[in-house]
Amino acid sequence: MAPHESDDTTTAGEVDEPRTRRRRAARYVVPVTVMGVAAATIGLVPAIASSGDPDLPEITAAQLIEKIAKSDVEQLSGTVKITTDLGLPDLGGLESGLMSGAAEQGGDGGSSADPSARLSELASGTHTLRIAADGPDRQKVSILENAAEYSLIHDGEDVWGYDSGSNEVYHGTVDASGENREQQPPATPEDFAEEALKAVDDTTSVTVDGTAQVAGRDAYKLVVEPKQSGSTVGAISIAVDHETGMPLKFTLTPSSGGAAVVDVGFTKVDFGKPAASTFEFTPPKGAKVTEEGALEHGREHSGKPERAPESGEDLAGGLDGMKTLGEGWNTIATFDGGAPGGLPTGDAGGDLGGFVDSLGDRVKGDFGTGTVFSTRLINALVTEDGTVYVGAVTKDALVKAADAGK
């Protein structure tokens with residue numbers, strides 16, 4: 001195997017200028033700070049292909065992150081499989097029943113084609129998506145279901161959502177600055193990789209762990225792991241396309257072991273230009289069409305927020321005195337939960353207290369007593385006085401944080 005050409009190695013500053021000029025279909029930019037930190041903190045051992053894996057040129061983790069940052073893929077089509085297993089408590093079908101009922105009825109002034117509701121379904125279970133992109137102004141994501149399909153189409157200034165099962169259409173617009181674009185959860189390996197690479201700092205180990213084939217393409221495997229103990233994140237693996245530098249597969253495994261919490265990857269991918277007709281949409285005859293303005297008006301009168309907060313700062317502004325504790329992967333957010341006396345738990349809480357206890361684990365510490373609500377990735381501690389501690393950390397880490405805040 002030939003070593004990676006030295007001419008391909010550039011500094012963070014050299015990467016920054018051309019990157020800001022590129023227009024990416026999936027809004028993918030690795031922060032310049034990641035490049036600076038990478039040179040000093042990540043593993044520099046080059047990838048060695050295992051038997052049966054693609055035989056690719058050696059590359060270091062720093063060079064591979066740079067390759068991702070310089071990726072300029074704007075045109076593609078393919079199929080993505082996404083599986084999410086957060087280990088949420090079983091509510092006996094209550095949650096799914098409520099979600100399906102809301103989708104069928106469109107909620108208060110809502111629509112079953114509303115992207116904010118439909119794309120949230122990707123947060124659990126296994127889904128197959130068809131995706132296509134042609135530059136920053138045209139993208140399409142379709143969620144394939146047993147007997148129906150939901151499609152979200154961005155074509156210039158228009159954003160269309162179409163639910164074939166209910167024959168409902170959502171229509172919104174996005175201006176040139178992108179300020180009116182619907183906030184969407186991550187749906188592709190590239191989306192997830194963007195968030196993971198933001199965590200690269202001196203609390204993180206980043207290495208290259210050989211090569212693999214994904215969707216018939218040769219790829220390097222980038223592995224991101226917390227150096228700290230106490231995180232619920234075990235490791236993040238990102239398969240990076242050898243030719244284009246685009247992430248093809250993202251897998252997050254928990255520190256507790258078992259199946260991946262998130263596993264999303266292409267099963268088919270083509271980097272050719274999709275047909276223009278892919279992004280054309282006309283509401284079918286008889287379809288119920290809901291305009292974005294009418295939908296927001298309905299939400300205002302139902303007492304629901306117009307849309308989810310768009311950033312951590314917005315979220316923090318909406319919580320009472322939220323602050324963070326710790327650093328890196330062990331960061332814990334704490335705030336006043338707004339429930340005087342905390343949650344109803346134990347015998348004193350009656351039937352509701354018993355139900356709350358069944359969803360969480362009672363804990364004690366110097367802070368007093370509280371209940372920890374756990375998933376395989378995010379845990380939250382609610383104390384008896386209503387204070388909330390939440391993060392991608394273990395139960396013990398939350399208790400220690402609450403004790404320290406006493």
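This is a predicted model, so every value here is computed, not measured. Residue positions are counted from 1 within each chain, in the order its sequence is given. In view of the model being predicted, local features appear only for residues whose pLDDT reaches at least 70, and side-chain atom pairs are presented and counted only at 80 or more, with totals across whole chains, interfaces and linings using the full set of residues. For side-chain calculations, the full set of non-hydrogen atoms in the structure is used, while hydrogens and water are omitted.

Student: Mind showing me how you'd approach the overall build of the chain here?
Tutor: For the purposes of this entry, the term helix denotes a DSSP run of H or I that reaches at least four residues, the term strand denotes a run of E that reaches at least two, and both are numbered from the N terminus. Each helix and strand in the chain was counted, giving 10 helices and 18 strands. Think of it in three bands: residues with accessible area under 20% of the maximum for their type are buried, residues over 50% are exposed, and the middle band is partly exposed, with areas taken using a 1.4 Å probe on protein chains only. Within the span of the chain, comprising 406 residues, buried residues form 42% of the whole. Residue contacts are defined here by distance: any two heavy atoms, one from each residue, within 4.5 Å place the two residues in contact. Considering only residue pairs separated by 6 or more positions, the chain has 59% of its internal contacts joining residues 24 or more positions apart.

Student: What is the right way to look at the packing of aromatic side chains in this model?
Tutor: How two aromatic rings sit relative to each other is given by the distance of their centres and the angle of their planes. For Phe, Tyr and Trp, where Trp contributes only its six-membered ring, two rings pair if their centres lie within 6.5 Å, and the inter-plane angle classes them as stacked under 30 degrees, edge-to-face over 60, or tilted in between. As enumerated under the stated definition, the model contains 3 aromatic pairs in all. Note on tyrosine 162 and phenylalanine 281: the rings are 5.6 Å apart at their centroids and 45° apart in plane angle, and the pair reads as tilted. Of the two residues, tyrosine 162 sits in strand β5 (residues 158-163) while phenylalanine 281 sits in the loop between β11 (262-270) and β12 (288-291), which places them 119 residues apart along the sequence. Residue class for phenylalanine 281 comes out buried when judged on its relative accessible area of 18%. Each member of the aromatic cluster is reached from another via a ring pair, and the members are Trp160, Tyr162 and Phe281.

Student: Teacher, can you tell me more about the pattern of salt bridges here?
Tutor: Where charged atoms from two side chains of opposite charge come close, those side chains can pair. Within this document, salt bridges are pairs made up of a side-chain nitrogen of Lys or Arg and a carboxyl oxygen of Asp or Glu, the two lying within 4 Å of each other. Taken as a whole, this structure holds 13 salt bridges when the rule is applied. The shortest N-O distance in the salt bridge between arginine 118 and glutamate 121 comes to 2.8 Å. One salt bridge connects arginine 118 with aspartate 163, and the closest N-O pair in it is separated by 3.0 Å. Of this pair, arginine 118 sits in helix α5 (residues 115-118) while aspartate 163 sits in strand β5, placing them 45 residues apart in sequence. Overlapping salt bridges bring together Arg118, Glu121, Glu145 and Asp163 as one network.

Student: When you look at helix α3 (residues 61-69) in this model, what are you seeing that I'm missing?
Tutor: Residues spaced three or four apart along an α-helix point in a common direction, a consequence of the helix completing one turn every 3.6 residues. The buried count for α3 comes to 8 of 9 residues, which makes it a mostly enclosed element. Within α3, the full set of buried residues consists of Ala61, Ala62, Gln63, Leu64, Ile65, Glu66, Ile68 and Ala69.

Student: Would you mind showing me how to read the sheet that holds β5 here?
Tutor: Ordered in space as β7-β8-β9-β10-β11-β1-β2-β3-β4-β5-β6-β12, the 12 strands form an open sheet in which the pairing is mixed. In this open sheet, the two edge strands, each paired with only one partner strand, are β7 (204-214) and β12. Here the average twist between neighbouring strands, direction ignored, is 15°. Across the sheet, helix α6 (residues 189-197) touches β1 (75-84), β8 (217-226), β9 (233-241), β10 (247-254) and β11, and the angle it forms with β10 is around 55°. For two strands to count as paired, DSSP must find a minimum of two bridges between them. Each axis is a line fitted through C-alpha atoms, taken for helices only over the stretch in contact, and angles between the N-to-C directions span 0 to 180 degrees.

Student: What exactly am I supposed to notice about the nonpolar core here?
Tutor: Note that soluble globular proteins tend to have their nonpolar side chains buried in a common cluster. Membership of the largest hydrophobic core comes to 51 residues, with the highest contact counts inside it found for Leu129, Leu197, Leu222, Ile236, Ile238, Phe250 and Phe266. Isoleucine 238 has contacts with Ala193, Ala196, Leu197, Tyr220, Lys221, Leu222, Pro247, Lys249 and Phe250, leaving out every residue within four places of it along the chain. Side-chain atoms within 4.5 Å are what join buried Ala, Val, Leu, Ile, Met, Phe, Trp, Tyr and Cys residues into a set we call a nonpolar core.

Student: Can you help me understand the side chain of aspartate 163 in this one?
Tutor: Its relative accessible area of 7% is what places aspartate 163 among the buried residues. A distance of 3.0 Å separates a polar atom in the side chain of aspartate 163 from a polar atom in the side chain of arginine 118. In this structure the side chain of aspartate 163 is engaged in a polar contact, spanning 3.0 Å, whose partner is the backbone nitrogen of glycine 165. The contacts of aspartate 163, once residues within four sequence positions are left out, are Ser112, Ala113, Arg118, Glu149, Tyr150 and Glu168. A 3.5 Å cut-off defines polar contacts: any pair of N or O atoms within that distance qualifies, except that in protein one atom must be a possible hydrogen donor and the other a possible acceptor, and neighbouring residues in sequence count only when both atoms are side-chain atoms.

Student: Would you mind showing me how to read the environment of serine 231 here?
Tutor: With respect to the helices and strands, serine 231 occurs in the loop between β8 and β9. Spatially, the C-alpha atoms of serine 231 and asparagine 330 are 5.7 Å apart, while their sequence positions differ by 99 residues. Among residues more than four places away in sequence, those in contact with serine 231 are Pro226, Ser255, Trp329, Asn330, Ala392, Val393 and Thr394. At 3.4 Å, the side chain of serine 231 forms a polar contact with the backbone oxygen of alanine 392.

Student: Can you walk me through the environment of threonine 128 in this structure?
Tutor: Take threonine 128: it is sitting in strand β2 (residues 125-134). Here the alpha-carbon distance between threonine 128 and phenylalanine 266, two residues 138 residues apart in the chain, equals 9.8 Å. Those residues in contact with threonine 128 that sit more than four places away from it in its chain are Thr79, Val80, Ser142, Ile143 and Leu144.

Student: Explain the confidence of the model for the chain here, please?
Tutor: For residues with low pLDDT, the predicted coordinates do not support detailed interpretation. Confidence of the predictor in every single residue is expressed as pLDDT, which spans 0 to 100. Averaged over every residue, the pLDDT of the chain is 75; residues scoring 70 or more account for 67%. Note that pLDDT drops below 50 for residues 178-183; the model gives that stretch 15 contacts with residues more than four away or on any other chain. Low confidence marks residues 295-318, where pLDDT is under 50. Its contacts with residues over four positions away, or in another chain, come to 26 contacts.

Student: What is the right way to look at unusual backbone geometry in this model?
Tutor: Phi is positive for asparagine 167, close to 55°, though the residue is something other than glycine. Structurally, asparagine 167 can be placed in the loop between β5 and β6 (168-173). Take asparagine 167: its relative accessible area is 21%, and that puts it in the partly exposed class.

Student: Would you mind showing me how to read the environment of glutamate 291 here?
Tutor: By the element assignment, glutamate 291 lies in strand β12. Engagement of the side chain of glutamate 291 in a polar contact is seen with the side chain of histidine 171, the distance being 2.8 Å.

Student: In this structure, what is going on with the pairing of β11? I would like to understand it.
Tutor: On a regular strand, each side chain points to the face opposite its neighbour's, so the side chains alternate between the two faces of the sheet. Where β1 lies against β11, 8 bridges are found, and the strand directions are antiparallel. Paired with glycine 78 across the two strands is valine 269, which belongs to β11. When β10 meets β11, the two strands line up antiparallel, connected through 4 bridges. Paired with threonine 251 across the bridge in β11 is aspartate 263.

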